[in-house]
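As a plain string of letters, each chain reads:
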Amino acid sequence: MHRKDRGLIKELLKQTTPYDWLLLFFLIIVSLSGLISMKKFLPSGSLVTIEVEGREVYKLSLFQDRTVEIKGPIGTTVVEIKGQRVRIVESPCPNKICIKQGWISRGAIVCLPNRVVVTVGSGETTGGIDAITR
Amino acid sequence: MQSQDRVRIALLAGYAIGLHMLERLIPTPIPWLRFGLANIITLIAIMLYGFRIGMMITLIRVFLGSLFVGTFLGPAFAMSLGGGIVSTCAMAVVYRTLPLLFSPFGLSLIGAFFHNVTQLALAYLLFVRRIEVILYLSPIILFLGIITGGINGLICGFIIKRLEPEITHIS
């Protein structure tokens, strides 16, 4: 290269047209406004709360994939968070209703035998359980 | 097809595949972030030799590139093919209809934009099926596309500027 770096940059910028910069400006505005509005648009239910026997044992982000094991009264329940959804993978309970419920992205999965409650919410506590009947 | 064209296609497609493979070796903070260096070659081909040769080079690059990497006919192949075809068409259409409005810098931005939009649409149709995930990702992807597309455009402009005297000399 014969010229100095500054000359090169100057040369590169000289060949651009005003419309290039207009386009660049427009695209940056579009993507940045999208970025800002997305933050507001996102559903508030982004926090996964896991409770055992009324005690809160985990508070996890719905956007972070991970698997956790929870010790309940009758065994270990495995909860998986993946792709902004939650499910119970394994449970020691006899009827496996919690597993059959599958993936949720809002609401709650309740496993009564093992006393595990998985809620997807905005972070405010749901108030706990009033009563359990069997 | 003239033999001259064939040589050009072969040479430029070779460069495009080379860059395509090379950028796979460059580690990026996000796995799906790619620089799209092969787009430089596509844009050079469109500006110097026209849409037809540009499209041929894109197709050869996508097909051979995926064969070399082992993603042929897989999901990544569909994304690559769709993005490549649409961005090549977009750049060629803009360059044809408004030849002096944009420099390679602007054309590359257009190409990157259409590439990303197509890939997001394909990702929605083929895999994710959750519009909020796509909407959440799209501003980030479009913004990164502006940066990589802009840099590629500047490189492309530089190469074309250096090539032009030789090309007018030959033809």
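Residues numbered from 1 in each chain as written. Chains lettered and ligands numbered in written order. Predicted model: local features only at pLDDT ≥ 70, side-chain atom pairs only at ≥ 80, totals over all residues. Heavy atoms only, no water.

**Here's the deal with the sheet that holds strand β6 (residues 107-111) of chain A**
Residues and elements named next belong to chain A.
At step 1: If you trace the four strands from one edge of the open sheet to the other, you get β2-β1-β7-β6, paired in antiparallel fashion. Single-partner strands in this sheet number two, and they are β2 (55-61) and β6. With direction set aside, neighbouring strand axes in the sheet form an average angle of 15 degrees.
At step 2: Where β6 meets strand β7 (residues 116-121), five bridges bridge the pair, whose relative direction is antiparallel. Paired with glycine 107 across the two strands is valine 120, which belongs to β7. (Pairing = 2+ DSSP bridges. Helix = DSSP H or I, 4+ residues; strand = E, 2+ residues; numbered from the N terminus. Axes fitted to C-alpha atoms, helices over the stretch in contact; angles between N-to-C directions.)

**Focus: the packing of aromatic side chains**
At step 1: Using the criterion set out here, one finds five aromatic pairs over all chains in the structure.
At step 2: With a centroid separation of 5.1 Å and 45 degrees between ring planes, the pair formed by tryptophan 21 of chain A and phenylalanine 105 of chain B is classed as tilted. Remark: phenylalanine 105 of chain B occurs in helix α5 (residues 104-128) and tryptophan 21 of chain A occurs in helix α2 (residues 18-41); the pair is interchain, linking two chains.
At step 3: Since its relative accessible area comes to 38%, tryptophan 21 of chain A is described here as partly exposed. (Phe/Tyr/Trp six-rings, centres within 6.5 Å; stacked < 30°, edge-to-face > 60°. Buried < 20%, exposed > 50% of the residue type's maximum accessible area, 1.4 Å probe, protein only.)

**Examining helix α2 (residues 38-49) of chain B**
Residue and element names in this part refer to chain B.
At step 1: The terminal C-alpha atoms of α2 lie 16 Å apart, and with 12 residues this matches the ideal 16 Å at 1.5 Å per residue to within 8%.
At step 2: Taking burial as the measure, the 12 residues of α2 include 10 buried ones, the bulk of the element.
At step 3: By the burial criterion, the buried members of α2 are Ala38, Asn39, Ile40, Ile41, Thr42, Leu43, Ile44, Ala45, Ile46 and Met47.
At step 4: Directly after α2, the chain includes glycine 50, whose backbone phi takes a positive value near 105 degrees. (Expected span 1.5 Å × (residues − 1).)

**Re the pairing of strand β4 (residues 75-82) of chain A**
All names here are of chain A.
At step 1: Summarising the sheet, strand β3 (residues 66-72) and β4 pair through seven bridges and their orientation is antiparallel. Looking at the pairing, valine 68 lines up with valine 79 of β4.
At step 2: Taking the residues that link successive antiparallel strands as the turn, the β3-β4 hairpin has two residues.
At step 3: By the bridge criterion, five bridges tie β4 to strand β5 (residues 85-90) in an arrangement that is antiparallel. In the sheet register, valine 79 faces β5, and the bridge partner there is isoleucine 88.
At step 4: Counting the residues between successive antiparallel strands, the hairpin from β4 to β5 contains two residues, one of them, glycine 83, with a positive phi of roughly 55 degrees.

**Examining the interface of chain A and chain B**
At step 1: In this complex, chain A contributes 26 residues to the contact, which on the side of chain B involves 23 residues.
At step 2: Summing both sides of the interface, chain A and chain B together bury roughly 2300 Å²; the carbon and sulfur share of this comes to 76%.
At step 3: Three residues stand out in chain A for area buried against chain B, namely Gln15, Leu27 and Met38 of chain A, and they jointly supply 21% of the buried area on that side.
At step 4: Counting across the chain A and chain B interface gives zero salt bridges.
At step 5: At the surface where chain A touches chain B, the tally comes to three residue pairs in polar contact (both at pLDDT 80 or more).
At step 6: Of all the secondary structure elements, the ones that give two or more residues to the side of chain A that touches chain B are α1 (5-14) and α2 of chain A.
At step 7: With 13 residues, the single largest contributor to the side of chain A that touches chain B is α2 of chain A. (Contact = heavy atoms within 4.5 Å. Buried area = accessible area lost by both parts, 1.4 Å probe. Salt bridge = Lys/Arg side-chain N within 4 Å of Asp/Glu carboxyl O. Polar contact = N/O pair within 3.5 Å; in protein donor to acceptor, adjacent residues only side chain to side chain.)

**Concerning the nonpolar core**
At step 1: One finds Leu23 of chain A together with Leu43, Phe102, Leu107, Leu109, Ile110 and Cys156 of chain B to be the most contacted residues of the largest nonpolar core, which totals 21 residues.
At step 2: Take this core: its biggest share by element is five residues, from α2 of chain B.
At step 3: The contact partners of leucine 107 of chain B, leaving out residues within four places of it in the chain, are Leu43, Met47, Met91, Val94, Tyr95 and Phe102 of chain B.
At step 4: Counting 19 residues, the second-largest nonpolar core is a separate cluster that includes Val48, Val52, Leu62 and Val68 of chain A. (Core = buried A, V, L, I, M, F, W, Y, C linked by side-chain atoms within 4.5 Å.)

**So, the environment of isoleucine 131 of chain B**
At step 1: Inspection of the secondary structure assignment puts isoleucine 131 of chain B in helix α6 (residues 131-170).
At step 2: The sequence separation of isoleucine 131 of chain B and alanine 121 of chain B amounts to 10 residues, and the corresponding C-alpha distance is 9.7 Å.

**Some details on the pattern of salt bridges**
Residue and element names in this part refer to chain A.
At step 1: In total, this model carries four salt bridges over all chains according to the counting rule given.
At step 2: One salt bridge in this structure joins glutamate 56 and lysine 59, with 3.7 Å as the shortest N-O distance.
At step 3: For lysine 59, a relative accessible area of 41% puts it in the partly exposed group.

**A word on unusual backbone geometry**
At step 1: Positive phi is not limited to glycine here, since arginine 115 of chain A has a value of about 60 degrees.
At step 2: Judged by its relative accessible area of 29%, arginine 115 of chain A is partly exposed.
At step 3: One non-glycine residue, leucine 73 of chain B, adopts positive backbone phi at about 65 degrees.
At step 4: Considering the arrangement of structural elements, one finds leucine 73 of chain B in the loop between α3 (51-69) and α4 (75-97).
At step 5: For leucine 73 of chain B, a relative accessible area of 64% puts it in the exposed group.

**As for the sheet that holds β5 of chain A**
Residue and element names in this part refer to chain A.
At step 1: In space, the three strands of this open sheet follow the order β3-β4-β5, with antiparallel pairing throughout. Each edge of the sheet is formed by a strand with only one pairing partner; in this case those strands are β3 and β5. Across this sheet, the average inter-strand angle for adjacent strands is 25 degrees, counted without regard to direction.

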